[in-house]
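Topology and contacts: notes
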Amino acid sequence: LPVTVQAESGKLGSNFSALTDNKIKYITPKANYAGLTSPGDTSRIATYQVTFPDSGMYNLFARVRVGADGFNDDSFFYATSFGVKDTSKANWIMINGLASGGFSDSSSSVIGSGSLGTGVWKWLNISKYNYSGGSGVTFHVNADNLIQTFQIGSREDGLDIDKFVFGKTNVLFTVGALDNGMPGTKSVDSTLIWKGPGLAQGLPKFLGSAGD
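Along every chain, residues carry numbers that run from 1 in the direction the sequence is written. Per-residue local features are limited, in this predicted model, to residues with pLDDT of at least 70; the limit for side-chain atom pairs, both in listing and counting, is 80 or more; totals at the level of whole chains, interfaces and linings are taken over all residues. Values shown for side chains rest on all heavy atoms present in the structure; no hydrogens or waters enter the calculation.

Helix and strand content of the protein chain: one helix and 14 strands. Residue contacts are counted whenever heavy atoms from the two residues lie within 4.5 Å of one another. Counting only contacts in the protein chain whose residues sit at least 6 apart along the sequence, the fraction spanning at least 24 positions is 71%. Comment: elements are numbered from the N terminus, with helices defined as DSSP H or I runs of at least four residues and strands as E runs of at least two.

Take a look at the structure:
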């Protein structure tokens, strides 16, 4: 199951507004700080307490809507790892270029960048989304610490954020699953599948298996 975090549920810095659009509650920055390489101060940081059901590696997903100014409304920051961060650049990742990506069809798997534009609610796999020449990070949860602090920072106004989701890295999630908190589908890393030759080829003994 994905772990859902409503964007308005956190401790919001004073630069965020919490609004409602047709029953969708979301947050949006009050001001534009596009020149920043980190949030700058705590007024532009939102902090969340996230309870995980299990340890493991998680991807970060976000449901966002990019405003009418397109590439001037499509960036924000998120912390490089769990915990309360200061505003040093090393603690933050800038996610940018969201105006040209994303998924909204309920059956679409949220992998890759997608191709949606502005003015529509859409899902992105932030951990896997390529932006500004870089890529995101995954988040590790230890079994002895299942309650984690997660932070984001504002950068450009006009970017609306509905919610975040953490999903196991070995699970594929469709838009429908992320929307409704439903289970994903276990993925298989094709690089780990042995493609031959047979392990006992040409030998007097053989190796076999039954079941998965």
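Pairing of aromatic side chains requires ring centres within 6.5 Å, counting the rings of Phe and Tyr and the six-membered ring of Trp. Pairs whose planes differ by under 30 degrees are stacked, by over 60 edge-to-face, and all others tilted. Counting across every chain of the model gives 16 aromatic pairs. Consider the rings of Phe52 and Phe166, whose centres lie 5.3 Å apart with planes at 70°: the pair is edge-to-face. Pair noted here: Phe52 is in the loop between strand S5 (45-51) and strand S6 (56-66) and Phe166 is in strand S12 (residues 159-168), with a separation of 114 residues, a long-range link. Here Tyr78 and Phe139 contribute two aromatic rings whose centre-to-centre distance is 6.3 Å and whose plane-to-plane angle is 45°, an arrangement assigned as tilted. One end of the pair, Tyr78, is in strand S7 (residues 76-79); the other, Phe139, is in strand S10 (residues 139-141), and 61 residues separate them in sequence. Grouping residues by exposure puts Tyr78 and Phe139 together as buried. What links up through ring pairs into an aromatic cluster is the set Tyr48, Phe52, Tyr58, Phe76, Tyr78, Phe82, Phe139, Phe150, Phe164 and Phe166. Definition used: whenever NZ (Lys) or CZ (Arg) falls within 6 Å of the ring centre and also within 35 degrees of the ring normal, the charge is taken to sit over that ring. We note Arg44 situated over the ring of Tyr33; from NZ or CZ to the ring centre the distance is 3.8 Å. A cation over an aromatic ring shows up here: Arg65 above the ring of Tyr26, its NZ or CZ 5.4 Å from the ring centre. Remark: exposure states derive from per-residue accessible area (1.4 Å probe, protein chains only) relative to the maximum for the residue type, with buried under 20%, exposed over 50%, and partly exposed in between.

Mapping Lys85 onto the fold places it in the loop between S7 and strand S8 (92-95). As a buried residue without a salt bridge, Lys85 has its nearest oppositely charged side chain in Asp86, at a separation of 8.5 Å. Within the local environment of Lys85, its side chain forms a polar contact with the backbone oxygen of Phe82, the two atoms lying 3.3 Å apart. Not counting residues up to four positions away in its chain, the partners in contact with Lys85 are Ala79, Asn91, Trp92 and Gln151. Think of it this way: Lys and Arg go in the positive column, Asp and Glu in the negative one, and His and the chain ends go nowhere. Throughout this description, the term salt bridge denotes a Lys or Arg side-chain nitrogen within 4 Å of a carboxyl oxygen of Asp or Glu. Any pair of nitrogen or oxygen atoms within 3.5 Å is treated as a polar contact; in protein, a donor-acceptor pairing is required on top of that, and neighbouring residues in sequence qualify only through side-chain atoms on both sides.

The next thing to look at is the pattern of salt bridges. Across all of its chains, the model carries six salt bridges by this definition. With its nearest N and O atoms 2.8 Å apart, the salt bridge here joins Arg63 to Asp162. Here Arg63 is found in strand S6, whereas its partner Asp162 is found in strand S12, with 99 residues between them in sequence. Judged by relative accessible area, which is 14%, Arg63 ranks as buried. In this structure Asp162 comes out as buried when scored by relative accessible area, which is 6%. Sharing partners across several salt bridges, the network here consists of Asp21, Arg65 and Asp160.

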